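Chain by chain, the residues:
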Amino acid sequence: MGYTQRDMIDYTHPPLLVEPHTYLYRAFQDMAADFSAAGETRYDDFLTISLGQFSTYVANLYKSANGQDLVAGHVPQSTFWLAAEADILLGTIRIRQRLNEQLSHEGGHIGYGIRPSFRRRGLGTAQLRLALPKALALGLTRLLVTCDTDNIASARIIEKNGGELENQVISNTSGKLVSRYWITLSN
């Protein structure tokens, strides 16, 4: 019987958030392939890009964090990757540094995802917990975090990190019911 990458991770070392970097090119492609294999297409474009294209992507993430060259309607956001080891990425999390009208309705300050083969291991909860001090360092003291109401796992992640349900709204994009939570941060 063969071993998968998941079987080889040393779980005695807790995962950590890392800043995007080109040395993680292969690890990011591996994570993209995991999403694709599960039928989730959000990273399919990364399956065939060159290292040069990936370098541009990483540079654009840093520009976004600094509010440079933002697409109309977008806000500055800082991106971090959850890493188990130097060459294994488990997920991604984005901290939006302010809200616009759309993000105030749904989307909020934080968006996150764990790659499919590593879900149901508490990594989403850990990833959000690790992002909270980074949000505080960006000057945010109250965070809006949203999820589809039928996404019970995401609701639990938010609640385990201090999220308090404010209300539920209808998504302007999907028409689904969205739960809106607030997390208050302190030093």
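Every residue gets a number counted from 1 within its own chain, in the order that chain's sequence is written. This being a predicted model, a pLDDT of at least 70 is required before a residue's local features are given, and a value of 80 or more before pairs of side-chain atoms are given or counted; all residues contribute to the totals for chains, interfaces and linings. Just so you know, side-chain values use all the structure's heavy atoms and leave hydrogens and water out.

**Digging into helix α4 (residues 123-137)**
For α4, with 15 residues, the first-to-last C-alpha span of 22 Å sits near the 21 Å given by 1.5 Å per residue. Per-residue accessibility, obtained with a 1.4 Å probe over protein chains only, is compared with the maximum for each type, and a residue is labelled buried under 20%, exposed over 50%, and partly exposed between these values. Counting from the N terminus, the helices are the DSSP runs of H or I reaching at least four residues and the strands are the DSSP runs of E reaching at least two. Buried within α4 we find L123, G124, T125, A126, Q127, L128, A131, L132 and A135. Just downstream of α4, G139 is the residue with a positive phi angle, here 95°. Multiply 1.5 Å by the residue count of a helix minus one, and that product is the helix's expected span.

**Looking at the nonpolar core**
Residues I93, I110, L128, L143, I158 and I183 are the most contacted members of the largest nonpolar core, which totals 27 residues. If you list the elements that add at least two residues to this core, you get β2 (77-85), β3 (88-96), β4 (110-114), α4, β5 (142-148), α5 (152-160) and β7 (177-184). Here the element with the most residues in this core is α4; it accounts for 5 residues. Counting residues in hydrophobic clusters, the runner-up holds 18 residues, among them L24, Y25, A32 and L89. The nonpolar core is taken to be a set of buried Ala, Val, Leu, Ile, Met, Phe, Trp, Tyr and Cys residues, with the residues joined through side-chain atoms within 4.5 Å.

**With respect to the sheet that holds β4**
At least two bridges found by DSSP between two strands are what make those strands a pair. Read from one edge to the other, the open sheet built from 4 strands follows the order β1-β2-β3-β4, with strand pairing classed as antiparallel. Of all the strands in the sheet, just β1 (16-18) and β4 have a single pairing partner and so form its edges. In this sheet, adjacent strand axes meet at a mean angle of 30° when their direction is disregarded. Strand direction decides the pairing type here: β3 and β4, joined by 5 bridges, are antiparallel. Looking at β4, one finds that I95 is bridged to I110. Residues count as neighbours in contact if any of their non-hydrogen atoms are within 4.5 Å of one another. To obtain an axis, a line is fitted to C-alpha atoms, over the contacting stretch when the element is a helix, and the angle between two such axes runs from 0 to 180 degrees between their N-to-C directions. Set on the sheet, helix α1 (residues 25-37) makes contact with β2, β3 and β4; between it and β3 the angle comes to about 90°.

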